[in-house]
Amino acid sequence: MRAVVQRVSQARVVVDGRVTGAIGQGLLVLLGVAREDTQADAQYVIKKILHGRYFDGVDGRPMDRSVVDVAGGVLVV
């Protein structure tokens, strides 16, 4: 399982001209899953994405808060 994570101010997925998913501030995740991947692999990746520090802190410290801390969205493609 592989994930490419990008911090975004907004993101959306459009299929055949219809918006199928959209978020404001948060994370866009491009996720690749293999047949051999397990539930444990998924839980590990989810934990890393949700608790990784991608956002600046309130005191100006760079990359000090997670998407959970900023109440951001997560869009997985």
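Parameters at a glance
- Residues numbered from 1 in each chain as written.
- Predicted model: local features only at pLDDT ≥ 70, side-chain atom pairs only at ≥ 80, totals over all residues.
- Heavy atoms only, no water.
- Helix = DSSP H or I, 4+ residues; strand = E, 2+ residues; numbered from the N terminus.
- Contact = heavy atoms within 4.5 Å.
- Buried < 20%, exposed > 50% of the residue type's maximum accessible area, 1.4 Å probe, protein only.
- Pairing = 2+ DSSP bridges.
- Axes fitted to C-alpha atoms, helices over the stretch in contact; angles between N-to-C directions.
- Polar contact = N/O pair within 3.5 Å; in protein donor to acceptor, adjacent residues only side chain to side chain.
- Core = buried A, V, L, I, M, F, W, Y, C linked by side-chain atoms within 4.5 Å.

1. Brief notes about the overall build of the protein
- Regarding its fold elements, the protein presents 1 helix and 5 strands.
- In the protein, the succession of α and β elements from N to C terminus is β-β-β-β-α-β.
- With respect to the principal axes defined by its C-alpha atoms, the protein has extents near 40 × 35 × 15 Å.
- Sequence separation of 24 or more characterises 49% of the internal contacts of the protein that already satisfy a separation of 6 or more.

2. Observations regarding the environment of Ile46
- Looking at the element boundaries, Ile46 is found in helix α1 (residues 39–51).
- You can call Ile46 partly exposed: its relative accessible area is 47%.
- Considering only alpha carbons, one finds Ile46 and Gly17, 29 residues apart in sequence, at a separation of 29 Å.

3. Points about the sheet that holds strand β5 (residues 73–76)
- Pairing is mixed across the open sheet formed by 3 strands, whose spatial order is β1-β4-β5. Both outer strands of the open sheet, β1 (2–8) and β5, are each paired with one neighbouring strand and no more. Here the average twist between neighbouring strands, direction ignored, is 20 degrees.
- Pairing analysis gives 4 bridges linking strand β4 (residues 26–32) to β5, with the strands arranged parallel. Looking at the pairing, Val29 lines up with Val76 of β5.

4. So, the side chain of Asp37
- Positionally, Asp37 belongs in the loop between β4 and α1.
- A distance of 2.9 Å separates a polar atom in the side chain of Asp37 from the backbone nitrogen of Met1.
- Look past the residues within four positions of Asp37 in its chain and what remains in contact with it is Met1 and Gly32.

5. Digging into the nonpolar core
- Counting 7 residues, the largest nonpolar core consists of Leu27, Val29, Val45, Ile49, Phe55, Val67 and Val70.
- Elements with a minimum of two residues in this core: β4 and α1.
- Those residues in contact with Val67, other than ones at most four positions away along the chain, are Gly26, Leu27, Ile49, Leu50, Gly52, Phe55, Gly72, Gly73 and Val74.
- Core analysis: the second largest hydrophobic core is formed by 5 residues, Val8, Ala11, Leu28 and Leu75 among them.

Function cannot be read off these values alone, since they describe shape.
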